[in-house]
Amino acid sequence: MLVTLASAKGSPGVTTTARVLASVWPQDVVLVDADPAGGDLSLWSPAPDGSPLDPDTGLLTLAVEARRGTVTLEPHLQRADGGLDVVCGVQHPGQVAGMGPVWPAIGSVLRGYAGTVVADAGRLTPDSPALPLVLESDALVFVVRPTIEGYAHLRERLRWLATFDSGMRPMPALGVVAVTDAREAGAIRDLELLLGHAGLRVPVLGAVGVDQKAADVVAARVARGIDRSLLVRSARHLVEPVAQLAQSRAYARAGVRGE
Ligand SMILES: Nc1ncnc2c1ncn2[C@@H]1O[C@H](COP(=O)(O)OP(=O)(O)O)[C@@H](O)[C@H]1O
Ligand SMILES: [Mg+2]
(Lines give C-alpha, C1' and ligand atoms only; values in the text may rest on other atoms or scores of the structure.)
(Ligands and ions follow the chains in the order given, each with its own letter.)
Protein backbone atom coordinates (compact mmCIF):
# COMPACT_ATOMS: atom_id res chain seq x y z
CA MET A 1 0.00 0.00 0.00
CA LEU A 2 1.44 3.34 -1.07
CA VAL A 3 0.63 6.57 0.74
CA THR A 4 2.19 9.66 -0.83
CA LEU A 5 2.46 13.01 0.91
CA ALA A 6 2.99 16.17 -1.10
CA SER A 7 2.45 19.91 -1.01
CA ALA A 8 0.70 22.12 -3.52
CA LYS A 9 3.18 24.91 -2.95
CA GLY A 10 5.74 26.11 -0.48
CA SER A 11 7.18 24.20 2.41
CA PRO A 12 4.27 23.40 4.73
CA GLY A 13 5.95 20.46 6.45
CA VAL A 14 5.65 17.48 4.07
CA THR A 15 8.96 15.92 5.03
CA THR A 16 8.40 16.40 8.75
CA THR A 17 4.87 14.99 8.54
CA ALA A 18 5.93 12.01 6.40
CA ARG A 19 8.74 11.18 8.73
CA VAL A 20 6.68 11.43 11.90
CA LEU A 21 3.75 9.55 10.35
CA ALA A 22 6.04 6.70 9.30
CA SER A 23 7.61 6.67 12.77
CA VAL A 24 4.25 6.14 14.47
CA TRP A 25 2.80 3.79 11.85
CA PRO A 26 1.83 0.67 13.79
CA GLN A 27 2.52 -1.91 11.08
CA ASP A 28 5.45 -2.71 8.83
CA VAL A 29 6.34 0.57 7.14
CA VAL A 30 8.97 2.04 4.84
CA LEU A 31 9.65 5.77 4.46
CA VAL A 32 10.60 6.78 0.91
CA ASP A 33 12.22 10.05 -0.01
CA ALA A 34 10.77 10.64 -3.47
CA ASP A 35 11.19 14.41 -3.55
CA PRO A 36 12.64 15.19 -7.00
CA ALA A 37 14.02 18.48 -5.71
CA GLY A 38 16.44 16.52 -3.55
CA GLY A 39 15.45 15.04 -0.25
CA ASP A 40 16.71 15.45 3.24
CA LEU A 41 16.27 11.94 4.51
CA SER A 42 19.84 10.75 4.23
CA LEU A 43 20.93 13.96 5.93
CA TRP A 44 18.38 13.70 8.70
CA SER A 45 18.74 10.08 9.64
CA PRO A 46 21.88 8.40 10.84
CA ALA A 47 22.17 4.63 10.95
CA PRO A 48 21.68 3.01 14.37
CA ASP A 49 25.46 3.10 14.95
CA GLY A 50 25.50 6.86 14.30
CA SER A 51 27.20 6.63 10.91
CA PRO A 52 25.48 8.43 8.04
CA LEU A 53 23.19 6.49 5.72
CA ASP A 54 24.56 5.76 2.27
CA PRO A 55 22.82 8.34 0.05
CA ASP A 56 23.55 6.28 -3.07
CA THR A 57 21.49 3.32 -1.89
CA GLY A 58 17.83 4.05 -2.28
CA LEU A 59 15.78 5.68 -5.00
CA LEU A 60 18.69 5.73 -7.44
CA THR A 61 19.51 2.03 -7.10
CA LEU A 62 15.80 1.24 -7.16
CA ALA A 63 15.50 3.18 -10.42
CA VAL A 64 18.34 1.20 -12.00
CA GLU A 65 16.70 -2.09 -11.11
CA ALA A 66 13.18 -0.99 -11.95
CA ARG A 67 14.42 -0.22 -15.45
CA ARG A 68 15.62 -3.80 -15.77
CA GLY A 69 12.32 -5.30 -14.66
CA THR A 70 12.00 -7.53 -11.64
CA VAL A 71 12.42 -5.57 -8.47
CA THR A 72 12.02 -5.99 -4.76
CA LEU A 73 12.31 -3.11 -2.37
CA GLU A 74 14.46 -4.80 0.25
CA PRO A 75 17.93 -4.28 -1.29
CA HIS A 76 17.28 -0.54 -1.42
CA LEU A 77 16.26 -0.14 2.20
CA GLN A 78 18.45 1.13 4.98
CA ARG A 79 17.66 0.99 8.64
CA ALA A 80 17.77 4.40 10.28
CA ASP A 81 18.38 5.10 13.92
CA GLY A 82 15.14 4.39 15.75
CA GLY A 83 14.43 1.35 13.57
CA LEU A 84 12.68 2.97 10.62
CA ASP A 85 13.44 1.46 7.21
CA VAL A 86 14.05 4.17 4.65
CA VAL A 87 14.67 4.58 0.94
CA CYS A 88 17.02 7.54 0.54
CA GLY A 89 16.21 9.99 -2.22
CA VAL A 90 18.21 11.91 -4.75
CA GLN A 91 20.58 14.48 -3.38
CA HIS A 92 20.04 17.07 -6.07
CA PRO A 93 17.54 17.55 -8.91
CA GLY A 94 20.19 16.74 -11.54
CA GLN A 95 20.11 13.09 -10.53
CA VAL A 96 16.41 12.95 -11.38
CA ALA A 97 17.08 13.67 -15.05
CA GLY A 98 18.84 10.32 -15.38
CA MET A 99 15.90 8.47 -13.89
CA GLY A 100 13.69 9.33 -16.86
CA PRO A 101 10.69 7.13 -17.56
CA VAL A 102 11.16 4.78 -14.63
CA TRP A 103 8.94 6.66 -12.15
CA PRO A 104 5.75 4.66 -12.86
CA ALA A 105 7.68 1.41 -12.33
CA ILE A 106 9.03 2.71 -9.03
CA GLY A 107 5.47 3.62 -8.08
CA SER A 108 4.20 0.12 -8.71
CA VAL A 109 7.10 -1.46 -6.80
CA LEU A 110 6.29 0.76 -3.82
CA ARG A 111 2.57 0.04 -4.10
CA GLY A 112 3.26 -3.67 -4.23
CA TYR A 113 5.28 -3.70 -1.01
CA ALA A 114 3.74 -6.05 1.56
CA GLY A 115 3.64 -3.37 4.27
CA THR A 116 2.85 0.32 4.03
CA VAL A 117 5.03 2.75 2.12
CA VAL A 118 4.93 6.42 3.12
CA ALA A 119 6.48 8.45 0.30
CA ASP A 120 7.48 12.12 0.42
CA ALA A 121 6.93 13.52 -3.09
CA GLY A 122 7.79 17.12 -2.16
CA ARG A 123 6.02 19.83 -4.14
CA LEU A 124 3.57 18.38 -6.61
CA THR A 125 3.71 20.87 -9.45
CA PRO A 126 2.65 20.08 -13.04
CA ASP A 127 6.30 19.65 -14.03
CA SER A 128 7.13 17.30 -11.17
CA PRO A 129 8.98 14.22 -12.47
CA ALA A 130 7.44 12.28 -9.57
CA LEU A 131 3.91 12.70 -10.95
CA PRO A 132 3.74 9.14 -12.38
CA LEU A 133 4.72 7.75 -8.98
CA VAL A 134 2.11 9.93 -7.32
CA LEU A 135 -0.56 8.65 -9.70
CA GLU A 136 0.35 5.07 -8.73
CA SER A 137 -0.35 5.82 -5.07
CA ASP A 138 -3.29 4.37 -3.19
CA ALA A 139 -3.63 7.62 -1.27
CA LEU A 140 -2.30 11.08 -2.02
CA VAL A 141 -2.34 13.31 1.02
CA PHE A 142 -1.69 17.02 0.61
CA VAL A 143 -0.03 18.73 3.54
CA VAL A 144 -1.20 22.35 3.83
CA ARG A 145 -1.02 25.27 6.16
CA PRO A 146 -4.54 26.65 6.58
CA THR A 147 -3.91 30.06 5.08
CA ILE A 148 -5.71 31.79 2.24
CA GLU A 149 -2.76 31.11 -0.07
CA GLY A 150 -2.40 27.55 1.15
CA TYR A 151 -6.03 26.88 0.39
CA ALA A 152 -5.91 28.62 -3.02
CA HIS A 153 -2.93 26.59 -4.20
CA LEU A 154 -4.43 23.37 -2.87
CA ARG A 155 -7.68 24.01 -4.73
CA GLU A 156 -5.87 24.64 -7.99
CA ARG A 157 -3.72 21.56 -7.58
CA LEU A 158 -6.73 19.37 -6.82
CA ARG A 159 -8.51 20.69 -9.92
CA TRP A 160 -5.45 19.99 -12.00
CA LEU A 161 -5.22 16.45 -10.63
CA ALA A 162 -8.84 15.82 -11.56
CA THR A 163 -7.84 16.25 -15.21
CA PHE A 164 -5.91 12.97 -14.96
CA ASP A 165 -9.04 11.08 -13.98
CA SER A 166 -10.16 9.61 -17.28
CA GLY A 167 -12.13 6.86 -15.56
CA MET A 168 -9.79 4.38 -17.25
CA ARG A 169 -7.69 3.67 -14.23
CA PRO A 170 -8.03 4.15 -10.49
CA MET A 171 -6.76 7.46 -9.25
CA PRO A 172 -5.21 7.83 -5.81
CA ALA A 173 -7.73 8.52 -3.08
CA LEU A 174 -7.18 12.15 -2.11
CA GLY A 175 -6.95 13.62 1.36
CA VAL A 176 -5.66 16.72 3.10
CA VAL A 177 -3.77 17.15 6.35
CA ALA A 178 -3.46 20.62 7.84
CA VAL A 179 -0.44 21.71 9.82
CA THR A 180 -2.18 23.86 12.32
CA ASP A 181 -2.30 25.05 15.85
CA ALA A 182 -4.71 23.18 18.14
CA ARG A 183 -6.40 26.52 18.78
CA GLU A 184 -7.32 26.70 15.12
CA ALA A 185 -9.55 23.62 15.26
CA GLY A 186 -12.12 25.47 13.17
CA ALA A 187 -9.56 25.78 10.40
CA ILE A 188 -10.02 22.13 9.47
CA ARG A 189 -13.76 22.46 9.21
CA ASP A 190 -13.38 25.67 7.22
CA LEU A 191 -10.91 24.02 4.86
CA GLU A 192 -13.27 21.14 4.16
CA LEU A 193 -16.16 23.56 3.62
CA LEU A 194 -14.12 25.71 1.25
CA LEU A 195 -13.10 22.66 -0.76
CA GLY A 196 -16.70 21.48 -0.80
CA HIS A 197 -17.89 24.86 -2.08
CA ALA A 198 -15.34 24.55 -4.86
CA GLY A 199 -16.88 21.20 -5.79
CA LEU A 200 -13.90 19.26 -4.44
CA ARG A 201 -14.96 16.38 -2.21
CA VAL A 202 -11.65 15.81 -0.55
CA PRO A 203 -11.65 14.87 3.12
CA VAL A 204 -9.53 16.76 5.60
CA LEU A 205 -8.12 13.82 7.50
CA GLY A 206 -6.86 15.72 10.50
CA ALA A 207 -4.23 18.08 11.75
CA VAL A 208 -0.58 17.94 12.57
CA GLY A 209 0.09 20.19 15.49
CA VAL A 210 2.42 23.14 15.04
CA ASP A 211 5.30 22.07 17.22
CA GLN A 212 8.50 23.74 16.13
CA LYS A 213 10.52 22.23 18.95
CA ALA A 214 9.66 18.67 17.99
CA ALA A 215 9.97 19.51 14.27
CA ASP A 216 13.49 20.77 14.98
CA VAL A 217 14.31 17.54 16.78
CA VAL A 218 13.06 15.53 13.80
CA ALA A 219 15.30 17.62 11.55
CA ALA A 220 18.27 17.47 13.90
CA ARG A 221 18.89 13.76 13.38
CA VAL A 222 17.93 13.00 16.97
CA ALA A 223 14.43 11.63 16.74
CA ARG A 224 14.38 10.83 20.41
CA GLY A 225 12.56 12.26 23.36
CA ILE A 226 9.63 13.59 21.35
CA ASP A 227 7.33 10.64 21.96
CA ARG A 228 4.89 12.74 23.95
CA SER A 229 5.24 15.87 21.85
CA LEU A 230 2.25 17.46 20.17
CA LEU A 231 3.79 16.57 16.81
CA VAL A 232 3.97 12.85 17.53
CA ARG A 233 0.63 12.70 19.32
CA SER A 234 -1.15 14.47 16.47
CA ALA A 235 0.53 12.18 13.92
CA ARG A 236 -0.84 9.15 15.77
CA HIS A 237 -4.36 10.43 15.18
CA LEU A 238 -3.68 10.54 11.46
CA VAL A 239 -2.77 6.88 11.11
CA GLU A 240 -6.28 5.52 11.03
CA PRO A 241 -7.86 7.99 8.58
CA VAL A 242 -4.83 7.80 6.27
CA ALA A 243 -4.81 4.00 6.36
CA GLN A 244 -8.55 3.86 5.67
CA LEU A 245 -8.22 6.25 2.75
CA ALA A 246 -5.44 4.18 1.19
CA GLN A 247 -7.12 0.86 1.87
CA SER A 248 -10.32 1.98 0.17
CA ARG A 249 -8.34 2.57 -3.00
CA ALA A 250 -6.19 -0.52 -2.68
CA TYR A 251 -9.37 -2.64 -2.56
CA ALA A 252 -10.85 -0.75 -5.50
CA ARG A 253 -7.74 -1.42 -7.56
CA ALA A 254 -7.78 -5.10 -6.64
CA GLY A 255 -11.45 -5.21 -7.69
CA VAL A 256 -10.67 -3.62 -11.06
CA ARG A 257 -8.04 -6.24 -11.74
CA GLY A 258 -10.23 -9.02 -10.39
CA GLU A 259 -7.54 -9.98 -7.91
N1 LIG B 1 4.31 20.34 12.53
C2 LIG B 1 5.22 21.31 12.48
N3 LIG B 1 5.31 22.23 13.47
C4 LIG B 1 6.21 23.22 13.42
N5 LIG B 1 7.10 23.37 12.44
C6 LIG B 1 7.08 22.49 11.43
C7 LIG B 1 6.15 21.42 11.39
N8 LIG B 1 6.38 20.69 10.27
C9 LIG B 1 7.40 21.30 9.64
N10 LIG B 1 7.83 22.37 10.34
C11 LIG B 1 8.93 23.28 9.98
O12 LIG B 1 8.66 23.84 8.71
C13 LIG B 1 9.85 23.88 7.92
C14 LIG B 1 9.64 23.06 6.66
O15 LIG B 1 9.42 21.70 7.05
P16 LIG B 1 9.63 20.49 6.06
O17 LIG B 1 9.07 19.30 6.72
O18 LIG B 1 11.03 20.43 5.57
O19 LIG B 1 8.65 20.96 4.89
P20 LIG B 1 8.57 20.54 3.35
O21 LIG B 1 9.02 19.13 3.23
O22 LIG B 1 7.11 20.76 3.03
O23 LIG B 1 9.46 21.49 2.63
C24 LIG B 1 10.96 23.34 8.81
O25 LIG B 1 11.59 24.43 9.43
C26 LIG B 1 10.24 22.52 9.84
O27 LIG B 1 10.93 22.45 11.07
MG1 LIG C 1 10.56 18.31 2.07
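Draft legend 1. The arrangement of the overall build of the protein in detail. Counting secondary structure elements, the protein contains ten helices and eight strands. Taken over C-alpha atoms, the radius of gyration comes to 17 Å for the protein, in line with the 18 Å a tight globule of 259 residues would show. If one aligns the C-alpha atoms of the protein with their principal axes, the spans along those axes are about 45 × 45 × 35 Å. Burial statistics for the protein: of 259 residues in total, 48% are counted as buried. The long-range fraction of contacts in the protein, counting pairs at least 24 apart against all pairs at least 6 apart in sequence, stands at 80%.

Draft legend 2. Structural context of the environment of L245. Structurally, L245 is set in helix α10 (residues 230-257). For the pair formed by L245 and V179, sequence separation is 66 residues and the distance between their alpha carbons is 19 Å. Among all residues touching L245, those that are not within four sequence positions of it are A139, A173, G175 and L205.

Draft legend 3. Up close: the site of ligand 1. The environment of ligand 1 is made up of 16 residues, and the closest members are S11, G13, T15, T16 and A215. Of all the elements in the fold, those that place two or more residues in the shell around ligand 1 are α1 (14-24) and α9 (212-219). Ranked by residues supplied to the shell around ligand 1, first place goes to α9 with four residues. The residue makeup of the shell around ligand 1, split by class, is eight nonpolar, six polar and two charged.

Draft legend 4. Looking closely at the nonpolar core. Ranked by internal contacts, the top residues of the largest apolar core, which has 85 residues, are I106, V118, V141 and V176. Among the elements that take part in this core, α10 stands out by supplying seven residues, more than any other. Sequence-distant contacts of I106, defined by excluding residues within four places in its chain, comprise L62, A63, A66 and L133.

Draft legend 5. View of α1. Summarising burial for α1: ten of the eleven residues are buried, a large majority. Every buried residue belonging to α1 is among V14, T15, T16, T17, A18, R19, V20, L21, A22 and S23, and all of these are buried.

Draft legend 6. Structural context of the pairing of strand β8 (residues 204-209). Taking burial as the measure, the six residues of β8 include five buried ones, the bulk of the element. The pairing of strand β7 (residues 173-180) with β8 spans five bridges and is classified as parallel. Each bridged residue has a counterpart across the sheet, and for V176 the counterpart in β8 is V204.

Draft legend 7. Structural detail: the packing of helix α3 (residues 59-68) against helix α5 (residues 103-111). Across the interface, α3 lies against α5 with an axial gap of 9 Å and an inter-helix angle of 100 degrees. With respect to α5, the axis of α3 lies roughly perpendicular. Mapping the contact onto sequence places L62, A63 and A66 in α3 and A105, I106 and V109 in α5.

Draft legend 8. Seen up close, the pairing of strand β2 (residues 29-33). Most of β2 sits out of view: five of its five residues are buried. Here β2 shows two buried faces, one formed by V29, L31 and D33 and the other by V30 and V32. Relative to strand β4 (residues 85-87), β2 runs parallel, the two sharing three bridges. By the bridge assignment, V30 is partnered in β4 with D85.

Draft legend 9. Region of the structure containing the sheet that holds strand β6 (residues 139-144). Taken in spatial order, the eight strands of this open sheet run β3-β4-β2-β5-β1-β6-β7-β8, and their pairing is mixed. Where the open sheet ends on each side, the last strands, each with one partner, are β3 (78-79) and β8. Relative to β4, β3 runs antiparallel, the two sharing two bridges. Looking at the pairing, R79 lines up with D85 of β4. Against the sheet, α5 makes contact with β1 (2-7), β2 and β5 (116-123), and its axis sits at roughly 125 degrees relative to β1, the strand it touches most.

Draft legend 10. Here's a closer look at the environment of V96. Along the chain, V96 falls in helix α4 (residues 94-97). For V96 and P129, which are 33 residues apart along the polypeptide, the C-alpha to C-alpha distance reads 7.6 Å. Excluding its chain neighbours within four sequence positions, the residues that come into contact with V96 are P36, V90 and P129.

Draft legend 11. Highlighting the environment of A214. With respect to the helices and strands, the residue A214 is situated in helix α9. For A214, a count of 24 C-beta atoms within 10 Å gives the class buried. Separated by 198 residues in sequence, A214 and T16 place their C-alpha atoms 9.6 Å apart. Beyond its immediate stretch of four places on either side in the chain, A214 contacts I226, S229, L230, L231 and V232.

Cut-offs applied
- Residues numbered from 1 in each chain as written.
- Chains lettered and ligands numbered in written order.
- Predicted model: local features only at pLDDT ≥ 70, side-chain atom pairs only at ≥ 80, totals over all residues.
- Helix = DSSP H or I, 4+ residues; strand = E, 2+ residues; numbered from the N terminus.
- Rg over C-alpha atoms; globule rule 2.2 N^0.38 Å.
- Buried ≥ 20, exposed ≤ 12 C-beta atoms within 10 Å, placed from the backbone.
- Contact = placed C-beta atoms within 7 Å.
- Near = placed C-beta within 6 Å.
- Nonpolar A, V, L, I, M, F, W, Y, C, P; charged D, E, K, R; others polar.
- Core = buried A, V, L, I, M, F, W, Y, C linked by C-beta atoms within 7 Å.
- Pairing = 2+ DSSP bridges.
- Axes fitted to C-alpha atoms, helices over the stretch in contact; angles between N-to-C directions.
- Parallel < 35°, antiparallel > 145°, perpendicular 65-115°, else oblique.

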